[in-house]
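Residue-level structural notes
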Amino acid sequence: MTDIFPPEIFDAILDHVHILDAEAKSTYYAIDYSLRINSTKPVKTLLSCSLVCQSWVPRTRLHIFNAVYLPHHDRTIAVTFSALVAHSLCTFRSHVRRLSLHEGYNRNPAEALWLNSVLPQLALLTNVEDLYLYHASFTDVAEKEWRAGLPLFGPHLNHLDIQSTQFDQVSRMTELVSRCTNLEHLALRYIDENSDSAPKGGDTTIVRTPPSRFLRSLALQSGIAMSAEFMTWLCPSPGSIKVPTVELRSISVEDAHHVSRFLHDAGPSITSLAIGFSDSSSGSTDGQDAFCRVADLTTLTNLETLQFGHLAIYPIYMGRGLSAKHVPFILAKLDSPSLKEIRFHVSMGEAADFEMIDWTSIVSTLNSACYPKLEVLSFRPIKEDVLAETKAWLDEHVRSKLRRNVEIRCATSY
């Protein structure tokens, strides 16, 4: 059969056979030792096709190992896979483009953690473009293992997403990110520092290069990603970083000054901004207040989309009347003639919950000359059973009071 048609025909067919598994409920398929492979599309049929003939193996392998996920529940899975990667006869190493590592820090006991020990082997996957790290710990990694595993973080990466992970120093996290010199998307959420395990006197071998000049989106949420050290490295001077899409969540009172300075220095390049706060308690607004006191948002002149969230205004939340306190203050500080859409990420129960937001001040600001191109106010997620009621309330209490023709959009999805 392979003599009848050119091999390109078979390759084209194999590129689309995953559609045959479209009825599958899960996009994860396991091979014999429970390694989850290809987290982007089903591979059951591809696995069968790989056994048809030798000439089909290269193309099917390209898709089967395109994405790999190592789960946290069994250390042996990661160890076995890493041993395969390091084997001299490994045939799939160059095909892995998306790698997700879920170590299980804060979920597994210390003896079940595995990432540090397999980093040198995983560093052989030099074609990885998208790397995701979840619940990992880099607090007790030996210097030799750390250096051997660093090549996993390099110029080949396009997307780096690290969540709920712990480092022994801010500088180690910075070094790791700085190695990704062609990075386009960076997300650092809930990253903590355990200074008790840091090398005595600091680590003098750490080398940092400037951030990727190709960065197009940046998401930071809580922890040391918002520290003065990291944010100063990220943007040491006005205009030194140009990133169009920025997401800054869970800004605390300690982070307010660093975040404000970053927004001022990176401001002209930002076209989309999502911002949210983490106050010390439900009855406090210290995080919001600290930011609003020091924020200089006058450089955000090219902003087209602004998102507030998460705004907790549902009835059982004790601080529901304070959750959105920052919204009118931030809008009053902005002068963004390009702004077209303002998004509100809300947690609410019924339409009347929106009374917790100071719409009088917001409407007054939006009617000023600072927002000549404003087109849309969007709200999500709204529960299906109150969607029509919410839209009607917002039309009556907000849209009807605006001097410009602004559309109100409500959606049930995030």
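Predicted, not measured: the structure shown is a model, and the values here were computed from it.

Within the fold, Arg208 resides in the loop between strand 8 (185-193) and strand 9 (217-223). Given a relative accessible area of 43%, Arg208 falls into the partly exposed group. With 25 residues separating them in the primary sequence, Arg208 and Trp233 have C-alpha atoms 8.7 Å apart.

Leu160, Phe354 and Leu377 are the most contacted members of the largest nonpolar core, which has 116 residues in total. For this core, the element with the most residues is helix 9 (residues 256-266), which contributes five residues. In contact with Leu160, not counting residues within four places along its chain, are Leu131, Phe153, Leu176, Val177, Cys180, Leu183, His185, Leu186 and Ala187.

Overall, the prediction assigns the protein chain a mean pLDDT of 88, with 90% of residues at 70 or greater. Of the regions scoring below 50 in pLDDT, residues 24-35 engages in 27 contacts with residues more than four places distant in sequence or in other chains.

Examined bridge by bridge, strand 4 (residues 98-102) and strand 5 (residues 130-134) share five bridges and lie parallel to one another. When the sheet's bridge partners are listed, Ser100 is paired in strand 5 with Tyr132. Pairing between strand 5 and strand 7 (residues 159-167): five bridges, direction parallel. Considered in strand 7, the bridge of Tyr134 is made with Gln163.

Rules used in this analysis
Residues numbered from 1 in each chain as written. Predicted model: local features only at pLDDT ≥ 70, side-chain atom pairs only at ≥ 80, totals over all residues. Heavy atoms only, no water. Helix = DSSP H or I, 4+ residues; strand = E, 2+ residues; numbered from the N terminus. Buried < 20%, exposed > 50% of the residue type's maximum accessible area, 1.4 Å probe, protein only. Core = buried A, V, L, I, M, F, W, Y, C linked by side-chain atoms within 4.5 Å. Contact = heavy atoms within 4.5 Å. pLDDT = per-residue confidence, 0-100. Pairing = 2+ DSSP bridges.

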